[in-house]
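# Fold and geometry: a report
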Amino acid sequence: QHISLGEIIARILRPYHGDNDVEGPDVRLGEHATNNIALVFHELATNAAKHGALSHNDGTVRVRWTLGNDAVMVDWQERGGPA
């Protein structure tokens, strides 16, 4: 089965408060890639919850990705967290 990158990120951010924003083109991942990518985004979300934007009530995460040159470029931005 395949799942979209956006769905993976949205599921990982779902437990955290805030108006998190996830957007990008449809990228489908297979089972092996899904597990690896999920671990990466889980680590980013955990760090944001402990030390970054998600550690504050008004903090948010914005994730955007684009496709190019046979790669997926991901931009993870945190707002409203500690300086």
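For the structure itself, consult the block above.
So, here's what we can say about the structure. (Residues numbered from 1 in each chain as written. Predicted model: local features only at pLDDT ≥ 70, side-chain atom pairs only at ≥ 80, totals over all residues. Heavy atoms only, no water.)

### Here we look at the pattern of salt bridges
Tallied over the full model, the rule gives five salt bridges. Taking the shortest distance from any N to any O, the salt bridge between Glu 7 and Arg 14 comes out at 3.8 Å. Classification of Glu 7 as partly exposed rests on a relative accessible area of 27%. Bridged by salt links that share partners, the residues Glu 7, Arg 11 and Arg 14 form one connected network. (Salt bridge = Lys/Arg side-chain N within 4 Å of Asp/Glu carboxyl O. Buried < 20%, exposed > 50% of the residue type's maximum accessible area, 1.4 Å probe, protein only.)

### Focus on the pairing of strand β4 (residues 60-68)
Pairing of strand β2 (residues 21-23) with β4 involves three bridges; the strand directions are parallel. Bridge assignment links Glu 23 to a residue of β4, and that residue is Arg 64. In the sheet, β4 pairs with strand β5 (residues 71-79) via nine bridges, with the strands oriented antiparallel. Of the residues in β5, the one forming a bridge with Thr 60 is Arg 79. Between β4 and β5, which pair antiparallel and follow one another directly, the connecting turn spans two residues, one of which, Asn 69, has a positive phi of 50°. (Pairing = 2+ DSSP bridges. Helix = DSSP H or I, 4+ residues; strand = E, 2+ residues; numbered from the N terminus.)

Structural measurements only, silent on function.
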